[in-house]
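These are the residues of each chain, in order.
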Amino acid sequence: DTAVSQTPKYLVTQMGNDKSIKCEQNLGHDTMYWYKQDSKKFLKIMFSYNNKELIINETVPNRFSPKSPDKAHLNLHINSLELGDSAVYFCASSPQGAYNSPLHFGNGTRLTVT
Amino acid sequence: AQSVTQLGSHVSVSEGALVLLRCNYSSSVPPYLFWYVQYPNQGLQLLLKYTSAATLVKGINGFEAEFKKSETSFHLTKPSAHMSDAAEYFCAVRISGTYKYIFGTGTRLKVLA
């Protein structure tokens, strides 16, 4: 059973298009995240939801809009895609309990904007 | 602000040699520290986490890390490298009082035959 699953795995699109990435977790966790990993492998937090409430919103262009229909799902919609949006986007989740609870990651969505 | 710093973006070791990947943290309160591994084209997998119950933490795949408050370090070690250990390794910290996890810049481990 996949714990955190993302779709699609690969996404190739042209500049100016709008695209969405979906994420689902079956771990019963309360908190979900989106991270962006650039070509140098640097991981940057973008958003986080806790029980469908947005709790972290880093300095991300407003072309990026997360949505959490329920605590098991977190989607990321990107409008007017730009070349610089090319990256690997990771979804992750964690339980609400102890502060040393780790993040559980999906396998990533590789977005290529041409 | 709390953060982690990984020294050495690339580390090469011979198969069977000691692996040492460095991570230093900046924190005025007890940090919540983690090590993750990322194999090519995969997500991040937890290796181990610091729990404050013990300064030496054992993880999966023979890895362990020692928390040293005096040096603000949480270095990752493995006594004998295996070819399958070649991957990217990330140190991470959960910011106290928040849901935010911050990652170091990563260290790529190369294992030479």
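Anyway, here's the lowdown on the structure attached to this text. For clarity, every value in this text was computed on a predicted model and none was experimentally measured.

This paragraph deals with the overall build of chain B. Scanning chain B from terminus to terminus reveals zero helices and 12 strands. Helices and strands appear in chain B in the N-to-C order β-β-β-β-β-β-β-β-β-β-β-β. Based on the C-alpha atoms only, the size of chain B along its principal axes is roughly 45 × 30 × 20 Å. A separation threshold of at least 6 residues defines the contact pool for chain B, and within that pool the share at least 24 residues apart is 56%. Accessible surface for chain B amounts to roughly 5,300 Å². Of this, 55% is attributable to carbon and sulfur atoms. Seen as two clouds, the 10 positive and the 6 negative side-chain charges of chain B have centres 8 Å apart.

This part takes up the environment of Val12 of chain A. All names here are of chain A. With respect to the helices and strands, the residue Val12 is situated in strand 2 (residues 10-13). In this structure, the C-alpha to C-alpha distance between Val12 and Val113, residues 101 residues apart in sequence, is 6.0 Å. Excluding anything up to four places from it in sequence, Val12 contacts Thr112 and Thr114.

Evaluation of the coordinates by the stated rule reveals two disulfides over all chains. Cys23 of chain A shares a disulfide with Cys91 of chain A; S-S distance 1.9 Å. Between Cys23 of chain A and Cys91 of chain A, the disulfide has an S-S torsion of -80° and is therefore left-handed. Here Cys23 of chain A is found in strand 3 (residues 19-25), whereas its partner Cys91 of chain A is found in strand 9 (residues 87-94), with 68 residues between them in sequence. Taken individually, Cys23 of chain A and Cys91 of chain A each receive the classification buried, so the pair is uniform in this respect. Linked covalently through their sulfurs, Cys23 of chain B and Cys91 of chain B form a disulfide whose S-S length is 1.9 Å. Between Cys23 of chain B and Cys91 of chain B, the S-S dihedral sits near -60°, and the bridge is therefore left-handed. Here Cys91 of chain B lies in strand 10 (residues 87-94) and Cys23 of chain B lies in the loop between strand 3 (19-21) and strand 4 (24-26), a separation of 68 residues in the sequence. For the pair shown, Cys23 of chain B and Cys91 of chain B are each scored as buried.

Residue and element names in this part refer to chain A. Along the chain, the position of Gln6 falls in strand 1 (residues 4-7). In this structure the side chain of Gln6 is engaged in a polar contact, spanning 3.2 Å, whose partner is the side chain of Thr109. Residue contacts for Gln6: discarding those within four places in its chain leaves Ile21, Lys22, Cys23, Trp34, Tyr89, Phe90, Cys91, Gly106, Asn107, Gly108 and Thr109.

With that settled, the discussion passes to unusual backbone geometry. Following Thr7 of chain A, the chain continues to Pro8 of chain A via a peptide bond in cis, the omega torsion being -5°. Along the chain, the position of Pro8 of chain A falls in the loop between strand 1 and strand 2. A positive phi is found at Ser80 of chain A, a non-glycine position, where the angle reads about 45°. Tracing the chain through its elements places Ser80 of chain A in the loop between strand 8 (73-78) and strand 9. For Ser80 of chain A, a relative accessible area of 39% corresponds to the partly exposed category. The backbone phi angle of Asn61 of chain B is positive, close to 60°, even though this residue is not glycine.

Our focus in this paragraph is the interface of chain B and chain A. Taken together, the 23 residues of chain B in the interface contact 26 residues of chain A. For the chain B and chain A pair, buried surface summed over both sides reaches about 2,200 Å², with 56% attributable to carbon and sulfur atoms. Summed over the three residues of chain B that lose the most area to chain A, namely Tyr99, Tyr101 and Phe103 of chain B, the buried surface amounts to 29% of that side. Taken together, chain B and chain A are joined by one salt bridge. Its salt-bridge partner being Glu58 of chain A, residue Lys100 of chain B comes within 2.9 Å of it at the nearest N-O pair. Between the two partners, chain B and chain A, sit eight residue pairs in polar contact (both at pLDDT 80 or more). At the level of secondary structure, the elements contributing two or more residues to the side of chain B that touches chain A comprise strand 5 (32-38), strand 6 (44-49), strand 10 and strand 11 (101-103) of chain B.

Conventions we followed
- Residues numbered from 1 in each chain as written.
- Chains lettered and ligands numbered in written order.
- Predicted model: local features only at pLDDT ≥ 70, side-chain atom pairs only at ≥ 80, totals over all residues.
- Heavy atoms only, no water.
- Helix = DSSP H or I, 4+ residues; strand = E, 2+ residues; numbered from the N terminus.
- Contact = heavy atoms within 4.5 Å.
- Areas by Shrake-Rupley, 256 points an atom, 1.4 Å probe, with all protein chains shown as cover.
- Lys, Arg positive; Asp, Glu negative; His and termini not counted.
- Charge placed at Lys NZ, Arg CZ, Asp CG, Glu CD.
- Disulfide = S-S within 2.5 Å.
- Buried < 20%, exposed > 50% of the residue type's maximum accessible area, 1.4 Å probe, protein only.
- Polar contact = N/O pair within 3.5 Å; in protein donor to acceptor, adjacent residues only side chain to side chain.
- Buried area = accessible area lost by both parts, 1.4 Å probe.
- Salt bridge = Lys/Arg side-chain N within 4 Å of Asp/Glu carboxyl O.

Keep in mind these values describe shape, not function.
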